[in-house]
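Coordinates in review
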Amino acid sequence: MRVAVVDSHTGGEPTRVVLSGGPDLGSGGMADRLTRFRQHFDRFRSAIVNEPRGSDAIVGALLCDPPDSSCQAGVIFFNNVGYLGMCGHGTIGLVATLAHLGSIQPGPLRIATPVGIVSAELHGNGEATVRNVPSYRHRKDVTIDVNGYGQMTGDVAWGGNWFFLVKGKSPIPISLANIDGLTHLAWSIRQALVRGGITGAEGAEIDHIEIFSAASHGRNFVLCPGKSYDRSPCGTGTSAKMACLYADGLLQPGDVWKQESITGSMFEGRIELIDGQVIPLIRGSAFVTAQSELVLDERDPFCWGIPA
Ligand code: PYC
């Protein structure tokens, strides 16, 4: 099997867009196609993003025919352990990929994801703005008992994925030198959420943890579902953060929120209010790093990747 891909990174976080050679998920809505992907083709997900072809940091993006004529593309994002509802850095990576291929020119486009339609705009300087799905705070000031760290308080919010956003200043400085400690802390928080039965809406698992350097500064550490950290400022995490800031009266439409990753990369965020809903806009840039063909040889014992 041969799979055509384009690799890029957005603020350091890699995206691998699958252009062709992926599974046929049929027509219909993106949520139904995601269900088919998960049920029948999960080994393809693992082959594309897990070692030996990938790494725990890579987010895959299966480019699909759009489900309706209002969209230019459909996409399903996936990682080393499963699937993402939306992915901000991945959408910016997808826009950069389409521009690299000459498939789009500066201007707007609409992209269908399993959690709703997002729009994006390619700017003349190569940057992209993503207009994300409506984002909101689900629970405020939830206190949990974190093994080895004591009580910690945070908000539960939706930004296209579920986040627990720790309140106040991180007990461990947000610096690349502290990745191991921050990963341990965030993973312990995730376990505490499970123990405490704290979920997103309708019992959804909270699989992203966001920790900040200070209450009023956007430098953050985000732990992704498969235990790798986001090298980018995290687009859905920036959306969840801005929804919480808005709910606290600390961000208004037109204000700029700068969210910085642990690697120093930056997203510029804004919100719009439509029918009382917070619509996040995230601006950033991505760079293409490779255009290649992956080979999947069934004789290879690791053809389908090493499970994370
Ligand atoms: O940018 O939304 C994002 C994201 C989610 C997981 C990794 N990046």
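Here, every reference points to the structure presented above.
Criteria and thresholds
- As a convention, each chain's residues are numbered from 1 in the sequence order in which they are written.
- Restriction of local features to residues with pLDDT of at least 70 applies here, the model being predicted, together with a cutoff of 80 or more for giving and counting side-chain atom pairs; totals for whole chains, interfaces and linings are based on all residues.
- Only hydrogens and water are removed before side-chain values are computed, so all heavy atoms of the structure are retained for them.
- Only DSSP runs of H or I reaching four residues or more are called helices, and only runs of E reaching two or more are called strands; each is numbered from the N terminus.
- Note on method: radius of gyration uses C-alpha positions; expected globular size equals 2.2 Å times residues raised to 0.38.
- Buried means the residue's accessible area, taken with a 1.4 Å probe over protein chains only, is under 20% of the maximum for its type, while exposed means over 50%, and partly exposed covers the values in between.
- We call two residues contacting when some pair of their heavy atoms lies within 4.5 Å.
- Reported accessibility uses the Shrake-Rupley method at a 1.4 Å probe radius. Residues are deemed covered only where the shown protein chains occlude them.
- In this text, near means that some heavy atom of the residue lies within 4 Å of the molecule or strand in question.
- The term polar contact refers here to a pair of N or O atoms within 3.5 Å; inside protein, the definition further demands a hydrogen-donor-capable atom paired with an acceptor-capable atom, and it admits residues adjacent in sequence only when both atoms are side-chain atoms.
- Three categories are distinguished: nonpolar for Ala, Val, Leu, Ile, Met, Phe, Trp, Tyr, Cys and Pro, charged for Asp, Glu, Lys and Arg, and polar for the others, with Gly belonging to the last.
- Any carboxyl oxygen of Asp or Glu within 4 Å of a side-chain nitrogen of Lys or Arg constitutes a salt bridge here.
- Within 6.5 Å between ring centres, the rings of Phe, Tyr and Trp (the latter by its six-membered ring) count as paired, and their orientation is classed by plane angle as stacked under 30 degrees, edge-to-face over 60, tilted in between.
- As a reminder, the over-ring test applies to NZ of lysine and CZ of arginine, requiring each to be within 6 Å of the ring centre and within 35 degrees of the ring normal.
- Here, nonpolar core refers to any group of buried Ala, Val, Leu, Ile, Met, Phe, Trp, Tyr and Cys residues whose side-chain atoms link them within 4.5 Å.

**Re the overall build of the protein**
A tally of helices and strands in the protein yields five helices and 17 strands. Relative to the globule expectation of 19 Å for 308 residues, the C-alpha radius of gyration of the protein, 18 Å, shows essentially globular dimensions. For the C-alpha atoms alone, the extent of the protein along its principal axes is close to 50 × 45 × 35 Å. Out of the 308 residues belonging to the protein, those deemed buried represent 54%. Nonlocal contacts in the protein, meaning residues at least 24 apart in sequence, comprise 62% of its contacts between residues at least 6 apart. A total of about 12700 Å² of accessible surface is found on the protein, and carbon and sulfur atoms cover 50% of it.

**Topic: the site of the ligand**
Close to the ligand lie Glu13, Cys87, Gly88, His89, His208, Cys224, Asp230, Cys234, Gly235 and Thr236. Contact between the ligand and Gly88: an oxygen atom at 2.8 Å from a main-chain N or O atom of the residue. Look at the ligand: alone it shows 240 Å² of surface, and the protein chains cover 99% of it. Taken together, the elements giving at least two residues each to the shell around the ligand come down to helix 3 (88–100) and helix 5 (235–247). By residue class, the composition of the shell around the ligand is three nonpolar, five polar and two charged.

**Description of helix 2 (residues 42–49)**
Buried residues dominate helix 2, accounting for six of its eight residues. Inspection of helix 2 places Phe44, Arg45, Ser46, Ala47, Ile48 and Val49 among the buried residues, and these make up the whole buried set.

**Topic: the pattern of salt bridges**
The final tally for this structure, using the stated rule, is 15 salt bridges. In this structure, Arg45 engages Asp42 in a salt bridge whose closest nitrogen and oxygen atoms are separated by 2.8 Å. With Arg45 and Asp42 both in helix 2 and three residues apart, the pair spans about one turn of that helix. Taking relative accessible area as the criterion, Arg45 reaches 6% and is therefore assigned buried. Judged by its relative accessible area of 28%, Asp42 is partly exposed. Between Arg299 and Asp297 there is a salt bridge; the shortest N-O distance is 2.8 Å.

**Observations concerning the side chain of Asn50**
Along the chain, Asn50 falls in the loop between helix 2 and strand 3 (59–64). Within the structure, the side chain of Asn50 is placed 3.4 Å from the backbone oxygen of Asn80, a separation counted as a polar contact.

**Looking at the packing of aromatic side chains**
This model, assessed by the stated rule, comprises six aromatic pairs. Between Tyr136 and Trp162, the aromatic rings sit 5.9 Å apart at their centres with planes inclined by 90 degrees, giving edge-to-face as the arrangement. Of this pair, Tyr136 sits in strand 9 (residues 136–146) while Trp162 sits in strand 11 (residues 162–166), and the two are 26 residues apart along the sequence. Here the aromatic rings of Trp158 and Trp162 are separated by 5.2 Å at their centres, their planes lie at 50 degrees, and the arrangement is tilted. Judged by its relative accessible area of 16%, Trp158 falls in the buried class. Note on Trp162: relative accessible area 8%, which makes it buried. The rings of Phe37, Phe44, Phe78 and Tyr83 are connected pair by pair, giving a single aromatic cluster. Positioned above the aromatic ring of Trp304 is the side chain of Arg43, whose terminal nitrogen or guanidinium carbon lies 3.9 Å from the ring centre. Here Lys241 stacks its cationic end above the ring of Phe212, 4.0 Å away from the centre of that ring.

**Some points on the nonpolar core**
Of all hydrophobic cores here, the largest spans 57 residues; its most connected members are Ile144, Phe164, Ile189, Ile211 and Phe221. Setting aside its immediate chain neighbours within four residues, Phe221 contacts Ile174, Ile179, Leu182, Thr183, Ala186, Ile209, Glu210, Ile211, Tyr229 and Ile262. Core analysis: the next-biggest nonpolar cluster, separate from the first, contains 23 residues, Leu34, Ala47, Ile48 and Cys64 among them.

**Description of unusual backbone geometry**
Glycine aside, a negative phi is what most residues show, and trans is what most peptide bonds show. Cis peptide bonds are those with omega within 30 degrees of zero, and the linkage from Glu51 to Pro52 qualifies with 10 degrees. Its location among the elements puts Pro52 in the loop between helix 2 and strand 3. In this structure, Glu202 is a non-glycine residue whose phi angle is positive, near 55 degrees. One non-glycine residue, Lys227, adopts positive backbone phi at about 75 degrees.

**Describing the environment of Asn178**
For Asn178, the location among the structural elements is in the loop between strand 11 and helix 4 (179–195). Residue classification places Asn178 among the partly exposed positions, given a relative accessible area of 22%. Along the primary structure Asn178 and Ile262 are separated by 84 residues, whereas in three dimensions their C-alpha atoms are 9.7 Å apart. Among all residues touching Asn178, those that are not within four sequence positions of it are Ile172 and Pro173. A polar atom in the side chain of Asn178 sits 2.9 Å from the backbone oxygen of Pro173.

All quantities given are derived from atomic positions and should not be read as evidence of function.
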